[in-house]
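# Remarks on the overall topology
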Amino acid sequence: MTLRIAITPGEPAGIGPDLVLQLVQQDWPVQLVAICAKSLLESRAKQLGIELEFIDYDADLAAQPQAKGTLTILDVPLEAEVVCGELDARNGHYVVETMRIACEKNMTGEFDAIVTGPVNKGIINKSGISFSGHTEYFAQESNTADVVMMLATEGLRVALASTHIPLAYVSKAITYDRVIKVTEILHSELKHKFGIQQPTIYVCGLNPHAGEDGHLGTEEITTITPALDHLRGRGMNIVGPLPADTLFQEKYLKEADAVLAMYHDQGLTVLKYKGFGKAVNITLGLPFVRTSVDHGTALDLAGTGAADAGSFKVALTEAIKLASDKKV
Ligand SMILES: NC(=O)c1ccc[n+]([C@@H]2O[C@H](COP(=O)([O-])OP(=O)(O)OC[C@H]3O[C@@H](n4cnc5c(N)ncnc54)[C@H](O)[C@@H]3O)[C@@H](O)[C@H]2O)c1
Ligand SMILES: N[C@H](C(=O)O)[C@H](O)COP(=O)(O)O
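Residues numbered from 1 in each chain as written. Chains lettered and ligands numbered in written order. Predicted model: local features only at pLDDT ≥ 70, side-chain atom pairs only at ≥ 80, totals over all residues. Heavy atoms only, no water.

### A word on the site of ligand 1
Neighbouring ligand 1 are 17 residues, the closest being Lys-121, Gly-296, Ala-298, Asp-300 and Asp-308. In this structure, an oxygen atom belonging to ligand 1 sits 3.0 Å away from a main-chain N or O atom of Val-119. Here Asn-120 contributes a side-chain N or O atom positioned 3.2 Å from an oxygen atom of ligand 1. Contact with the protein chains hides 63% of the accessible area of ligand 1, taken as 820 Å² for the molecule alone. Counted by class, the shell around ligand 1 contains eight nonpolar, six polar and three charged residues. (Near = heavy atom within 4 Å. Polar contact = N/O pair within 3.5 Å; in protein donor to acceptor, adjacent residues only side chain to side chain. Areas by Shrake-Rupley, 256 points an atom, 1.4 Å probe, with all protein chains shown as cover. Nonpolar A, V, L, I, M, F, W, Y, C, P; charged D, E, K, R; others polar.)

Structure follows, in C-alpha cells:
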C-alpha cells in the first residue's frame, strides 16, 4: 500500500513553497500532497521557471507514488496576495489552517505523516493566534499532553526538555516531573521508533558547569539529578547531568544515542553547527509521524531559486521511514 504524506509549505512569503517545488522534481515512493494555496505554488513555480503538472487532491482515489514533475495539492486559499520576503499577518490564519487540516487528516488515518516547512511564529501571533511552534500546536491539536522536540543529523540526536519559551522561564519549566516525562518519551521512542534496544541518553545540566556543586545554580541538585536517579533506578542508561559546554565531544557522543538539552539554544546551536541544512526535526510522542526542516523561513531567499532543499529531503526521507515502520 502506498503511503500518503501531507506537506505543509509553511510561511507563504518564505522559502517553503520554493522547496516543495524542488522536492517534486524527483520521484518518491509515497504520495505527496501539498496542503496549501494552489495559486501560491503556481505563481512561485512561474517565478522560478519550473514547469509542473498540478493535480487536485482527491481523497477517494488510491494513493499513487509521487511522479517527478507533478504536484498534488489540497487547496487552501490564501487570505492575502503574497509578496516574496514580506510577511503579512493577514495570512496567519491560512498558515495555521494548513497545519490544522494536516493534523486532522493524520488523526483520521487519511494521511500517514506530516512534513512541515518553516513558519514564522511572530507573524502568526500578530494575526491574533497564540502560537509558539508546530511542536506545541500539534500536541494541543491532537490532545497529546507531552511531546518532545528532537533534532537529528548524522551522528547526533538532540532532544529538548523545554522548547519555545523565553529564557527567563526555563528554570521554572525544568521540573522533576518534566525531566522524567521527557526522558521517558525519548527513551521509549529511541527504542520503539529507532530500534535501539538499550538507549543511552546523556543529559546536560542547566547552569554553567552543571551548577558547580550548587555554587552556580541549584537546579541540578534539587531537580535534575533526583529525576535522573529515579530513571536510573528503573534501569535506564542515563548519564548526567554533565556540563553542557563539555558534553558535546566525541568521547561522550560516541556512547550517546541522544543528548537531552535543557533548553532550545543549549542543544540546537550545537546540532545546527554540526548539521545545518542536513538535519531533521522530529516530534516524539505524537499519535502520528511529524518531521520538519532544520531551518527557518529564510525570507531573503524566497523566490530566488537559491534555497537549498537538503533538510526538506532529509525530513521527508525520515517521515517515510518512520511511517513505513509504523505500518509494519
Ligand atoms: N520548522 C520551522 O517552522 C522553523 C525552524 C526554524 C526557524 N523558524 C522560523 O524562521 C524564522 C527565521 O529564522 P532565522 O532567521 O533564525 O533562520 P533561517 O533559517 O530562516 O535563516 C538563517 C540563515 O540561513 C539561511 N538559510 C535558511 N534556510 C536555508 C536554505 N534552505 N537554503 C539556504 N540558506 C538557508 C538564510 O538565508 C539565513 O541567512 C523565524 O521566525 C523562526 O521562528 C521556523
Ligand atoms: N525549534 C525549531 C528549530 O530551531 O529548528 C523550530 O523553531 C521549529 O519548531 P517547530 O517544529 O516546533 O515549529
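### Quick word on the domain arrangement of the protein chain
Per the domain assignment, the segments making up the protein chain are domain 1 (4-144 + 286-325) and domain 2 (148-273). Taken together, the 11 residues of domain 1 in the interface contact seven residues of domain 2. Note on domain 1 versus domain 2: buried area summed over both sides is about 670 Å², and carbon and sulfur give 53% of it. Among the residues of domain 1 in contact with domain 2, Thr-135, Asp-294 and Leu-322 are the three that bury the most area, contributing 48% of the side total. Across the domain 1-domain 2 interface, the total number found is zero salt bridges. The interface formed by domain 1 and domain 2 contains four residue pairs in polar contact (both at pLDDT 80 or more). (Domains from an automatic or database assignment. Contact = heavy atoms within 4.5 Å. Buried area = accessible area lost by both parts, 1.4 Å probe. Salt bridge = Lys/Arg side-chain N within 4 Å of Asp/Glu carboxyl O.)

### Thoughts on the sheet that holds strand S3 (residues 53-56)
The strand order S3-S4-S2-S1-S5-S12-S11-S6-S7-S10-S8-S9 describes an open sheet built from 12 strands, whose pairing is mixed. Each edge of the sheet is formed by a strand with only one pairing partner; in this case those strands are S3 and strand S9 (237-242). Averaged over all pairs of adjacent strands, the angle between their axes in this sheet comes to 25 degrees, without regard to strand direction. Taken together, the four bridges between strand S2 (residues 31-36) and strand S4 (residues 70-75) define a ladder with parallel strand orientation. Note that in S4 the partner of Cys-36 across the bridge is Asp-75. Packing against the sheet, helix H8 (residues 219-233) makes contact with strand S8 (200-204) and S9, and its axis sits at approximately 170 degrees to S9. (Pairing = 2+ DSSP bridges. Helix = DSSP H or I, 4+ residues; strand = E, 2+ residues; numbered from the N terminus. Axes fitted to C-alpha atoms, helices over the stretch in contact; angles between N-to-C directions.)

### Things to note about the site of ligand 2
With respect to spatial proximity, 13 residues lie near ligand 2, and among them Lys-121, His-134, Thr-135, His-264 and Lys-272 are the closest. The separation between an oxygen atom of ligand 2 and a polar side-chain atom of Thr-135 is 2.5 Å. The fraction of the free accessible surface of ligand 2 (350 Å²) that becomes covered by protein chains is 91%. Across the shell around ligand 2, the residue classes break down as two nonpolar, six polar and five charged.

### Here's the deal with the UniProt feature "binding site: a divalent metal cation" (unreviewed entry) in the protein chain
If you check UniProt for "binding site: a divalent metal cation" (unreviewed entry), the listed places come out as His-164, His-209 and His-264 in our numbering. Across 101 residues of sequence, these annotated residues are also dispersed in space, with a maximum C-alpha separation of 23.4 Å. Structurally, His-164 is set in the loop between strand S7 (156-160) and helix H6 (167-173). Of the residues examined, His-164 reaches a relative accessible area of 25% and is grouped as partly exposed. At 2.9 Å, the side chain of His-164 forms a polar contact with the backbone oxygen of Ser-132. When sequence neighbours within four positions are dropped, the list of residues in contact with His-209 reads Leu-216, Pro-243 and Asp-245. (UniProt positions renumbered as here; feature names shortened; annotations may be inferred. Buried < 20%, exposed > 50% of the residue type's maximum accessible area, 1.4 Å probe, protein only.)

### Notes on the packing of helix H1 (residues 16-23) against helix H2 (residues 38-48)
Look at H1 against H2: their axes get within 10 Å of each other, and the N-to-C directions meet at 75 degrees. The orientation of H1 relative to H2 falls into the category roughly perpendicular. Judged by residue contacts, Pro-17, Asp-18, Val-20 and Leu-21 of H1 engage Leu-40, Leu-41, Arg-44, Ala-45 and Leu-48 from H2. A per-class count over the contact of H1 with H2 returns seven nonpolar, no polar and two charged. (Parallel < 35°, antiparallel > 145°, perpendicular 65-115°, else oblique.)

### Re the confidence of the model for the protein chain
For the protein chain, the average pLDDT comes to 97, and 100% of its residues sit at 70 or higher. The complex prediction reports pTM at 0.97, with the ipTM value standing at 0.99. (pLDDT = per-residue confidence, 0-100.)

### Describing the pattern of salt bridges
Scanning the entire structure with this criterion turns up 12 salt bridges. Note that Arg-90 and Asp-88 form a salt bridge whose closest N and O atoms lie 2.7 Å from each other. Among the residues examined, Arg-90 registers a relative accessible area of 57% and is labelled exposed. On the basis of relative accessibility, which here comes to 18%, the residue Asp-88 falls in the buried class.

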